[in-house]
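Read off the chains here:
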Amino acid sequence: MERFIIEESGPLRGRVRISGSKNSVLPIIAATLLTDEECIIHDVPLLTDVLTMQNLIEDLGGRASWDNDANLAIRVSDIKKIQASYELCAKMRASFLVAGPILARMGEVKISLPGGCAIGSRPVDLHLKGLAALGAEISQEHGYVSARAKKLVGANIYLDFPSVGATENIMMAAALAEGQTIIQNCAVEPEIVDLSNFLTSMGAQIRGSGTDTIRIQGVNKLSGTNHNVIPDRIEAGTFMVAAAISRGEIFLENVVTDHLKPAIAKLREVGVEIEESEEGLNVKSGSLRRPIDIKTLPYPGFPTDMQAQFVAFLATTPGTNLVTETVFENRFMHVPELVRMGADIKIDSRSAIIEGVEKLAGTQVKASDLRAGAALMLAALTAAGTTEIHDIYHIDRGYYRFDQKLRQLGGKITRVNG
Ligand code: EPZ
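Student: Please provide a residue-by-residue account of the overall build of the protein chain, values included.
Tutor: Scanning the protein chain for helices and strands turns up 14 helices and 23 strands. Relative to the 2.2 N^0.38 estimate, which gives 22 Å for 418 residues, the radius of gyration of the protein chain is 21 Å and therefore close to what a compact globule would have. Based on the C-alpha atoms only, the size of the protein chain along its principal axes is roughly 65 × 45 × 45 Å. Buried residues in the protein chain amount to 58% of all 418 residues. Within the protein chain, residue pairs in contact and separated by at least 24 positions form 72% of the contacts whose partners lie at least 6 positions apart. Put simply, the protein chain shows about 16200 Å² of open surface, and 48% of that area lies on carbon and sulfur atoms. Each charge sign in the protein chain was given a centre, from 43 positive and 50 negative side chains, and these centres are 1 Å apart.

Here it is as structure tokens:
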């Protein structure tokens, strides 16, 4: 199994280009199932999760090809089966996003219930509630869910929680339903808006994305399209923390600063200097002066996907910091690993109480999920001595060339096999 060997690297300095958003491109690839025409998606990060979603589309009958500029062309002339591959679905929870499109195009779908993962049980009840509201007959057995509907019919759907995935699945199914669908209390993340823009460019009639109520007027057919994926706000936030934790200075290219407000606000509160310009964002570690409190919330609140990186950073800033995780029930798996590196962090129910220490110390640690892995890499770059990070496949799932980008900024990272 591959692992990273990371030496104390000093302040990270330089420029980094942020890649296209993983959490935008995954539902967009699923949405290519809604048309028999070609879709070309630009600035697609070559991640294992993206390849898994591509393989899922190919297994269903689609054809996909990349050019050497990160442009991915997909055409699903026919969907040749209504059952999504168990092996591929088991690799990645986001595979469940093909359910809505297959149901909308084929009138039925059979897909394995996604397992839980390190950060939580990850149920899909809200996805199924939405598809049932559109007229699908849902049944579950032996770990599979089947949904059937001769014709999907628009409905009013209220989401008990503004689930990103449920909003996306319902939006995609409703795009080809008969009549109007209204999704209330839906997710408002930038990735929802990006998917909505992709669907609209295919001919879907969608209004209100980015607000808590989305209205979709179903159409009979959707066409192929061309689409540029928005920059990955979580990768951007991760590099912002890289500058802060290493006491360095990094310029981020290809960012939408509007998507980064919580991270910008919280880093400024600690004393990090952030300058916004047309070209991008300059992040410079100032005199870190004061402890902060963070509470993760659905967008536009502080993103849960940035929590682990901030916990690693606050582990080495002065004072007592409080970080509360409200979105997932088990998203502090990075904490015991940071404590092994000398961090002073206590978990009290859904909160981490972090007493900043002078310096962490390198040792052997393990990535439990993608963002925890990224957090450990940032901690390792600034810890004394050498750190070995195991299970780094989690990191490769969601960060495009993360180790190369960090090396270009001065990170002393070696990827070793075995
Ligand atoms: C998306 O996951 C992201 N993944 C996650 O990013 C992100 O953490 C999450 O949204 C929240 O922002 C992708 O976009 C591929 P949710 P998703 O449905 O759609 C509960 C990363 O690191 N819930 O908004 O699965 C659920 O248990 C990943 O890039 C239900 O109860 O998130 C959780 O507590 C990790 N029933 C909460 O909602 C449902 O039917 C948020 O889940 C669905 C969700």
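Student: Outline helix H12 (residues 370–382), listing residues and values.
Tutor: An ideal rise of 1.5 Å per residue puts 18 Å on 13 residues; H12 measures up with 19 Å between its terminal C-alpha atoms. Across the 13 residues of H12, 13 count as buried, placing the element largely inside the fold.

Student: Any details on the pairing of strand S7 (residues 137–141)? Residues and values, ideally.
Tutor: Bridge count between S7 and strand S8 (residues 144–148): 5 bridges; the pairing is antiparallel. Across the sheet, residue Gln 140 finds its bridge partner in S8, namely Val 145. Hairpin geometry of S7 and S8 is characterised by an intervening segment of 2 residues between the two adjacent antiparallel strands and by a positive phi of about 50° at His 142.

Student: Account for the environment of Ala 312, with residues named and values stated.
Tutor: Along the chain, Ala 312 falls in helix H10 (residues 307–314). Expressed as a C-alpha distance, the spacing of Ala 312 and Met 377, which sit 65 residues apart in the sequence, is 9.4 Å. Those residues in contact with Ala 312 that lie beyond four places of it in its chain are Ile 245, Leu 338, Ala 375 and Ala 379.

Student: So what's going on with the pattern of salt bridges? Which residues, and what values?
Tutor: Under the defined criterion, the tally for this structure stands at 21 salt bridges. A salt bridge links Asp 403 to Arg 415; the shortest N-O distance between them is 3.1 Å. A residue pair is termed long-range when its members are at least 10 positions apart, and Asp 403 in helix H14 (residues 402–408) and Arg 415 in strand S23 (residues 412–416) qualify at 12 residues. Note on Arg 415: relative accessible area 29%, which makes it partly exposed.

What counts as what
- Residues numbered from 1 in each chain as written.
- Predicted model: local features only at pLDDT ≥ 70, side-chain atom pairs only at ≥ 80, totals over all residues.
- Heavy atoms only, no water.
- Helix = DSSP H or I, 4+ residues; strand = E, 2+ residues; numbered from the N terminus.
- Rg over C-alpha atoms; globule rule 2.2 N^0.38 Å.
- Buried < 20%, exposed > 50% of the residue type's maximum accessible area, 1.4 Å probe, protein only.
- Contact = heavy atoms within 4.5 Å.
- Areas by Shrake-Rupley, 256 points an atom, 1.4 Å probe, with all protein chains shown as cover.
- Lys, Arg positive; Asp, Glu negative; His and termini not counted.
- Charge placed at Lys NZ, Arg CZ, Asp CG, Glu CD.
- Expected span 1.5 Å × (residues − 1).
- Pairing = 2+ DSSP bridges.
- Salt bridge = Lys/Arg side-chain N within 4 Å of Asp/Glu carboxyl O.

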